[in-house]
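Understanding the architecture of this molecule
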Amino acid sequence: MKFILGTAQLNQKYGINNKTKVTIKNSFKIIRYAHRNKIKEIDTAPGYADSQKIIGKIKNKFLICSKINGLLKIKKDDLEAHIAKQIHSILNELSLNRLNGVYFHEPEIFKNKSKSLFAYKILDEFRKQKLIKKIGVSIYEPKILNNIFKIFKPDMVQFPLNVFDQRIIDEGWLDYFFKNNIETQARSIFLQGLLLMKLKDLPKRFKKWKKNFSNFHSYCEKNESTPYEVSLNFIRKYKVNKTIIGIENIDQLRMLTNYKVKSISNPKHLKINDPNLIDPRLW
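So, here is what we can say about the structure in this document. Because the structure is predicted, anything quoted here is derived from the model rather than measured. (Residues numbered from 1 in each chain as written. Predicted model: local features only at pLDDT ≥ 70, side-chain atom pairs only at ≥ 80, totals over all residues. Heavy atoms only, no water.)

What follows is about the packing of aromatic side chains. In this structure the tally under the stated criterion is 16 aromatic pairs. Between Phe-149 and Tyr-176, the aromatic rings sit 5.3 Å apart at their centres with planes inclined by 90°, giving edge-to-face as the arrangement. A residue pair is termed long-range when its members are at least 10 positions apart, and Phe-149 in the loop between helix 5 (145-148) and strand 6 (156-160) and Tyr-176 in helix 7 (residues 173-179) qualify at 27 residues. Phe-149 sits in the partly exposed class, given a relative accessible area of 21%. Its relative accessible area of 35% is what places Tyr-176 among the partly exposed residues. (Phe/Tyr/Trp six-rings, centres within 6.5 Å; stacked < 30°, edge-to-face > 60°. Helix = DSSP H or I, 4+ residues; strand = E, 2+ residues; numbered from the N terminus. Buried < 20%, exposed > 50% of the residue type's maximum accessible area, 1.4 Å probe, protein only.)

Given below as structure tokens:
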């Protein structure tokens, strides 16, 4: 399994189970430790606090992907200037001459065919100039993919995938990506840390799904595995190309690089299609 270091948590609190802020000093330690342990890719974005500036000061060579955003509010006539400004700002902050890839961070733009096609052509021009290598999309729900593929075929797709959120599998998209040689990147594999919390520690807003969480923990016990191991092995079972992991400290990185691969039964019965639980935007 290949991992990508997610950086949304660097120098800020991110995720419902994150109690402390990752300091700049610890951010440097995490990034350097990741590089020493064969994690060679980083996922970042302009909206992730100071993550891009922090990464830009690291001398280790990573493959770095970032995201463009703010397109929904921009008029079509202003897209080219907006995207150009973001790309050059990202490259400057990261101290790079070229990005490994850029994602559309607001997939809703693809509901507007004309505007999204124009935005894609702008990014493709940057690719021709060799300022970016790949163009991808970061989605929250699979249904937007129908709109996206009417505009272009992404080089890579980021999507949520965990034992509760199995929509990308059930709707056939994961198989489609494999067959069409599209790089798959799973994120939110711990549901922003919820799956790793003890039942008694669940925030009140999630108590209505206590039975679902209880079933998950029972499944872990039956398979003699921790929630951490089950979550990772679930992703591995579906042979996703890469998995994006957010790290708060070195100990978590050690767990990640030393986790045991286990053969476990398929947890299809654990899936939940309630967006109020599986979509963090609604929390």
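Now for unusual backbone geometry. Backbone geometry places Lys-38, a non-glycine residue, at a positive phi of 65°. Tracing the sequence through the fold places Lys-38 in the loop between helix 1 (24-36) and strand 2 (41-43).

Next up on the list: the packing of helix 1 against helix 10 (residues 250-258). Remark: helix 1 packs on helix 10, axes separated minimally by 10 Å, with the N-to-C direction vectors making an angle of 20°. Judged by the angle between their axes, helix 1 and helix 10 are roughly parallel. Both helix 1 and helix 10 take part in a crossing whose hand is right-handed. Across from Lys-29, Ile-30, Tyr-33 and Ala-34 in helix 1, the residues of helix 10 making contact are Ile-250, Leu-253, Arg-254 and Thr-257. Across the contact of helix 1 with helix 10, the residue classes break down as 5 nonpolar, 1 polar and 2 charged. (Axes fitted to C-alpha atoms, helices over the stretch in contact; angles between N-to-C directions. Parallel < 35°, antiparallel > 145°, perpendicular 65-115°, else oblique. Left-handed = near helix turned anticlockwise from the far one by under 90°. Contact = heavy atoms within 4.5 Å. Nonpolar A, V, L, I, M, F, W, Y, C, P; charged D, E, K, R; others polar.)

For the rest of this paragraph, the subject is the pattern of salt bridges. Scanning the entire structure with this criterion turns up 15 salt bridges. When the shortest N-O distance is used, the salt bridge between Glu-41 and Lys-242 registers 2.7 Å. Placement of the pair is Glu-41 in strand 2 and Lys-242 in strand 8 (residues 242-246), with a sequence separation of 201 residues. The pair formed by Glu-41 and Lys-242 is uniform in burial state, with each residue classed as buried. The closest approach of N and O atoms between Asp-124 and Arg-127, which form a salt bridge, is 2.9 Å. One end of the pair is Asp-124 and the other is Arg-127, both in helix 4 (residues 113-128) and 3 residues apart, which spans about a single turn. On the basis of relative accessible area, Asp-124 is assigned to the buried category, the value being 17%. The partly exposed category is assigned to Arg-127, whose relative accessible area is 22%. Because the salt bridges share partners, they merge into one network encompassing Glu-41, Lys-134, Glu-183 and Lys-242. (Salt bridge = Lys/Arg side-chain N within 4 Å of Asp/Glu carboxyl O.)

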